[in-house]
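Fold and contact review
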Amino acid sequence: MTRTDAYEGLLAETVTVVGDGGDEIHAYFARPLGRGPFGAVVLFHHLPGWDAWYRATTRRFAEYGYLALSPDLYCRDGHGEPDDVAARVRAEGGVPDDRVVADARGCVDWLRSLPQASGRLALFGTCSGGRHAFLCACRIGDIDAVVDCWGGRIVVGDDDLTAKQPVAPIDYTADLDAPLLGLFGNDDKSPAPADVDTLEAALKQHGKDYAFHRYDGAGHGFFYDDRPAAYRAEAAVDGWRKVRAFLTENIG
């Protein structure tokens, strides 16, 4: 909690991290000033790209007291305005899951190597980033907490699989070894409430530690205060409180 007599300061900058295949990719990094130790969060950006909202949210996690790193998952696909880059990526069928997992491993290793790091680490994502957070937690292991905010395409049929996304993330559920927080809008279509039900059933089947919260009157992207049509203030305020409490419990 904020105290009026507490020192506050943070550093935020663009860095490079070694990802899939030894490639250096851009990432936005923010951390509290001080020795720590601090827990860490990797943020997976949404389908609209590595944009200003994700930079602001990375700083938000630093303000909460975490080492926060958001990699540009589209770094190899060109540079420019985030919307333009994202449009190119969508037209090409998205980014390969194997590449995202390898990039995520690089980010996890980079954060845990920092002298201020406590070693405890969470994954966070919204939209496609929520899917990536779930997927990477299942495939990387040694993750302490996962936050999936309305991640679509975790539940998909065989007809919707592609060469870049060859396995539905729900099929990795048995491998999840970290507690999961899920936030969803009941007016969303990807994931639709039925998809959330299916994921919840799989988590129960495998005995996983999870908590799902669903918000009436909210659709896709209800945290996005830069998108008035999507933003739902009441759900967003409650959701952020739940995120902060969940991370405090699991990574300090």
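Here's a quick rundown of the structure. Since we're looking at a predicted model, the values are computed, not measured.

Cut-offs used in this document
- Residues numbered from 1 in each chain as written.
- Predicted model: local features only at pLDDT ≥ 70, side-chain atom pairs only at ≥ 80, totals over all residues.
- Heavy atoms only, no water.
- 1 Å grid on protein atoms, 1.4 Å probe; cavity = no way out; pocket = protein on both sides within 12 Å on 5 of 7 lines; lining within 4 Å.
- Points joined across faces, edges and corners; volume = space filled by probe spheres on them.
- Helix = DSSP H or I, 4+ residues; strand = E, 2+ residues; numbered from the N terminus.
- Nonpolar A, V, L, I, M, F, W, Y, C, P; charged D, E, K, R; others polar.
- Phe/Tyr/Trp six-rings, centres within 6.5 Å; stacked < 30°, edge-to-face > 60°.
- Lys NZ or Arg CZ within 6 Å of the ring centre and 35° of its normal.
- Expected span 1.5 Å × (residues − 1).
- Buried < 20%, exposed > 50% of the residue type's maximum accessible area, 1.4 Å probe, protein only.
- Contact = heavy atoms within 4.5 Å.
- Axes fitted to C-alpha atoms, helices over the stretch in contact; angles between N-to-C directions.
- Parallel < 35°, antiparallel > 145°, perpendicular 65-115°, else oblique.
- Pairing = 2+ DSSP bridges.
- Right-handed = clockwise from strand over helix to strand, strands pointing away.

1. Digging into empty space enclosed by the protein
Inspection of the entire model under this criterion finds one cavity of 30 Å³ or more. As a volume, the largest cavity reaches approximately 60 Å³. Among the elements that line the lining of the largest cavity, the one with the most residues is helix H5 (residues 193-205), at three residues. When the residues that make up the lining of the largest cavity are grouped by side-chain class, the tally is six nonpolar, two polar and two charged.

2. Points about the packing of aromatic side chains
Considering all chains together, one arrives at 16 aromatic pairs under this definition. Between the aromatic rings of Trp53 and Tyr224, the centroid separation amounts to 4.9 Å while the plane-to-plane angle is 75 degrees, which identifies the pairing as edge-to-face. Remark: Tyr224 occurs in the loop between strand E8 (210-215) and helix H6 (233-251) and Trp53 occurs in helix H1 (residues 52-64); sequence separation between them is 171 residues. An aromatic cluster is built from Trp53, Tyr54, Phe61, Tyr64, Phe124, Trp150, Tyr215, Phe222, Phe223, Tyr224 and Trp240, whose rings are joined through pairwise contacts. Taking the ring centre of Tyr28 as reference, the NZ or CZ of Arg55 above it sits at 5.7 Å. Here the basic side chain of Arg60 rests over the ring of Trp240, its NZ or CZ set 4.0 Å away from the ring centre.

3. Thoughts on helix H3 (residues 97-112)
Helix length check: H3, at 16 residues, gives a terminal C-alpha distance of 23 Å against a target of 22 Å (1.5 Å per residue), a fit within 8%. For H3, the full list of buried residues reads Asp97, Arg99, Val100, Val101, Ala102, Asp103, Ala104, Gly106, Cys107, Val108 and Leu111. Taken together, the buried residues of H3 touch strand E1 (10-18), strand E2 (24-32), strand E3 (38-44), strand E4 (67-71), strand E5 (117-126) and helix H4 (128-140).

4. A word on the environment of Ile154
With respect to the secondary-structure elements, Ile154 resides in the loop between strand E6 (145-149) and strand E7 (180-185). Take Ile154: its relative accessible area is 3%, and that puts it in the buried class. Considered as a pair, Ile154 and Tyr66 are 88 residues apart in the sequence and their alpha carbons are 27 Å apart. With residues up to four places along the chain from it excluded, the contact list for Ile154 reads Gly130, Arg131, Phe134, Asp148, Ala168, Pro169, Ile170 and Leu199.

5. Digging into the packing of H3 against H4
At a minimum axis separation of 10 Å, H3 and H4 run at an interaxial angle of 70 degrees. On the basis of the axis angle, H3 is roughly perpendicular to H4. Across the interface between the two elements, Asp97, Asp98, Val100, Val101, Ala104 and Arg105 of H3 pack against Arg131, His132, Leu135, Cys136, Arg139 and Ile140 of H4.

6. A closer look at unusual backbone geometry
The omega torsion across Gly36 and Pro37 is 5 degrees, close enough to zero to call that bond cis. Its place among the elements puts Pro37 in the loop between E2 and E3. Each neighbour pair has its own omega, and for Ser190 with Pro191 the value is 10 degrees, a cis peptide bond. A positive phi angle, close to 55 degrees, is found at Asp142, a residue other than glycine. Tracing the sequence through the fold places Asp142 in the loop between H4 and E6. By relative accessible area, Asp142 is classed as exposed at 53%. We note that Arg153 has phi near 65 degrees; this positive angle belongs to a residue other than glycine.

7. Comments concerning the sheet that holds E7
Read from one edge to the other, the open sheet built from eight strands follows the order E1-E2-E4-E3-E5-E6-E7-E8, with strand pairing classed as mixed. The open sheet has two edge strands with one neighbour each: E1 and E8. Between one strand axis and the next, the sheet turns through 20 degrees on average, direction left out of account. Here E2 pairs with E4 via four bridges, running antiparallel. Within E4, the residue paired with Phe29 across the bridge is Leu69. The strands that H1 touches are E1, E2, E3, E4 and E5; relative to E2, the one it contacts most, it runs at about 40 degrees.

8. Observations regarding the pairing of E7
Most of E7 sits inside the fold, with six of its six residues counted as buried. Of the two faces of E7, both are covered, the one formed by Leu180, Gly182 and Phe184 as well as the one formed by Leu181, Leu183 and Gly185. In terms of strand pairing, E6 meets E7 through four bridges, oriented parallel. Following the sheet pairing, Asp148 is matched in E7 by Gly182. Relative to E8, E7 is paired through six bridges, and the arrangement is parallel. Of the residues in E8, the one forming a bridge with Leu181 is Ala211. For the crossover that starts at E7, traverses H5 and ends in the parallel E8, the hand is right-handed.

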